[in-house]
Amino acid sequence: MIGLRAGRSDVLLGADLLHQIGEHCAANNLARRCAIISDANVAAHFADRVQRSLNASGFESTLLVIPAGEQSKTLEQAGAICDQMIAAGLDRQSFVIGLGGGVVGDISGFVAAIFHRGIRHVQIPTTLLAMVDSSIGGKTGVNTSAGKNLLGAVHPPALVIDDVDVLQSLPPRELRQGFAEIIKHAIIADAEMFGQVAQLSKLRRDEKASWKFAPLIQHNIEIKSAIVGNDERDETGARALLNFGHTVGHAIERAGEYRQLLHGEAVSLGIVAACNISVKRAGLPREQCDAAAAVLRRFDLPVQLPPDFPRDRILAALKFDKKFERGEIRFVLTPKIGSAYLSCDVTLDDVQSAIDELQVDRDLRARC
């Protein structure tokens, strides 16, 4: 087991940790009553195991299950969870466990931030994407009809527990999307890791929960924690570097009504768009732009929009993104793999051109 410190959160990383949840909650002096928020898919696999561990350590837990998917990340769903917690007798001394991927982590953290004006939160991420990204940094939120994560709070979890064994349950597509965030971290902060990820072989099912994942997860937690530590509340622009690929990625998600593409798949497309804009605006060498797309392809992540995707909705969705300030786009660019900066020089025409590029198979065009 590896113990890390991510800002104001303790992070435990290892194997067979779900059986030890109760012990670790007790070691962190958490109160004896809690709500476990999970989705229907994850709860079926892991909720019993977590509740047994909590019970063995003297905790009383109430399991609250929400439908799986981005559609559950709403203010209405958060209110319903709070009502259920009140009905179960939970109070300001209780705590919340988020058992699931990024959606569950976001809404459980938001509930913890608003319930009785804030109670403690424990994250148990069950996806690679959540382990390396969304469980770290304390951003919580729900969506509105206008856009993603427009309502939220910064509420760091008291404890994050990453059990690599849970990755065995992930479908291959779900596992692959986590590498979009890993590749993003490499592009903005670590050229050496970019080279290492580029050399990874195709993932095999028997490798999913091996300890080969632990060092990679640990390093990504360290990268994100270092960036967040310089700008926890996203006020100076330092934390905004983590939005690389997300400006266009979130717009793509919204244009597809959060159904056509997984978050990591949309981010993959956003990374390609951001790299193409970086070639024009930041001097990113074209070969490095192409290398980023090649690494994404290696993990079967999309670098082109699906043929039937409603492309005309993407630019319209962009204006609802949180990264717009006073009508200007705050866009993260990379001048070379391993570094990034925040720019206000990117125009809507630049973004439209990058979206148009997502319709073109660059390799095919090069062969013609």
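To be clear, the structure that these remarks concern was listed above.
Residues numbered from 1 in each chain as written. Predicted model: local features only at pLDDT ≥ 70, side-chain atom pairs only at ≥ 80, totals over all residues. Heavy atoms only, no water.

What to know about the overall build of the chain
Short version of the rule: Strands here are runs of E lasting at least two residues and helices are runs of H or I lasting at least four, both read from the DSSP assignment and numbered beginning at the N terminus. The globule rule is 2.2 Å times the number of residues to the power 0.38, and the radius of gyration it is compared with is taken over C-alpha atoms. For the exposure calls, accessible area comes from a 1.4 Å probe over protein chains only, and a residue counts as buried if that area is under 20% of its type's maximum, exposed if over 50%, partly exposed in between. Here, residues are in contact when the closest pair of their heavy atoms is within 4.5 Å. In these tables, accessible area is a Shrake-Rupley quantity obtained with a 1.4 Å probe, and a residue counts as shielded only by the protein chains included in the view.
Looking only at helices and strands, one finds 14 helices and 13 strands in the chain. Whereas a compact globule of 368 residues would reach a radius of gyration of roughly 21 Å, the chain reaches 20 Å, a difference of no more than 12%. Each principal axis of the C-alpha atoms in the chain carries an extent, and together these give about 65 × 45 × 40 Å. When each of the 368 residues of the chain is scored for burial, the buried share is 56%. When contacts within the chain are restricted to residue pairs at least 6 apart in sequence, long-range pairs at least 24 apart make up 78% of them. About 15100 Å² of surface is accessible on the chain, with carbon and sulfur atoms providing 49% of the total.

Structural notes on the environment of glutamine 260
By the secondary structure assignment, glutamine 260 is in the loop between helix 9 (246–255) and helix 10 (263–281). Residue classification places glutamine 260 among the partly exposed positions, given a relative accessible area of 32%. If sequence neighbours within four positions are ignored, glutamine 260 has contacts with Arg173, Asp308, Phe309 and Pro310.

Describing the packing of aromatic side chains
Our working rule: Pairs were defined over the aromatic rings of Phe, Tyr and Trp, the Trp ring being its six-membered one, requiring ring centres within 6.5 Å. Orientation was assigned from the angle between planes: stacked under 30 degrees, edge-to-face over 60, tilted for the rest. Should the NZ of a Lys or the CZ of an Arg lie within 6 Å of a ring centre and within 35 degrees of the ring normal, that charge is described as sitting over the ring.
Under the criterion given, the structure shown has three aromatic pairs. Ring geometry for phenylalanine 59 versus phenylalanine 95: centroids 5.9 Å apart, planes at 85°, classification edge-to-face. Of this pair, phenylalanine 59 sits in the loop between helix 2 (40–56) and strand 4 (60–66) while phenylalanine 95 sits in strand 5 (residues 95–100), placing them 36 residues apart in sequence. Each of the two residues, phenylalanine 59 as well as phenylalanine 95, counts as buried. Taking the ring centre of phenylalanine 59 as reference, the NZ or CZ of arginine 32 above it sits at 4.6 Å.

A look at helix 7 (residues 191–198)
The α-helix advances 3.6 residues per turn, and as a result positions three or four apart in sequence lie on the same side. Defined as follows: Arc, as used here, means the arc of the directions from the helix axis to the C-beta atoms. Two N or O atoms count as a polar contact when they lie within 3.5 Å, although within protein this holds only if one can serve as hydrogen donor and the other as acceptor, and sequence-adjacent residues are included solely when both atoms are side-chain atoms.
Those residues of helix 7 that sit buried are Met193, Phe194, Val197 and Ala198. Along helix 7, the residues classed as buried sweep out an arc of 140° about the axis, all on the same side. In this fold, the buried residues of helix 7 make contact with helix 6 (172–189), helix 8 (213–229) and helix 11 (286–298). Measuring from the side-chain oxygen of the N-cap residue of helix 7 to the backbone nitrogen of glutamate 192 gives 3.1 Å; that N-cap residue is aspartate 190.

Concerning the pairing of strand 3 (residues 33–39)
Just so we agree on the cut-off: Strand pairing requires that DSSP identify at least two bridges connecting the strands. If the strands point away from the viewer and the path from the first strand over the helix to the second runs clockwise, then the crossover is right-handed.
Here strand 3 lies mainly inside the structure; six of its seven residues are buried. Sheet analysis places strand 3 next to strand 4, joined by seven bridges and oriented parallel. By the bridge assignment for strand 4, isoleucine 37 is matched with leucine 64. In this fold, strand 3 hands off to helix 2, which returns the chain to strand 4; that crossover is right-handed. Two elements, strand 3 and strand 5, share five bridges in a ladder whose sense is parallel. Counted as the bridge partner of isoleucine 37 is glycine 98 from strand 5.

Regarding helix 2
How we decide: Multiplying one less than the number of residues by 1.5 Å gives the expected span of a helix. Axes are fitted to the seven residues ending at a residue and to the seven starting at it; the angle between these axes is taken as the bend at that residue.
If you check helix 2, its first and last C-alpha atoms are 24 Å apart, about what 17 residues at 1.5 Å a residue would give, namely 24 Å. For helix 2, the principal kink sits at phenylalanine 46 and spans about 55°. Taken together, the buried positions of helix 2 are occupied by Val42, Ala43, Phe46, Ala47, Val50, Gln51, Ser53 and Leu54. Contact partners of the buried residues in helix 2: helix 1 (21–27), strand 3, strand 4, strand 5 and strand 6 (120–125). Of the residues flanking the start of helix 2, the one acting as N-cap is aspartate 39, its side-chain oxygen 3.0 Å from the backbone nitrogen of asparagine 41.

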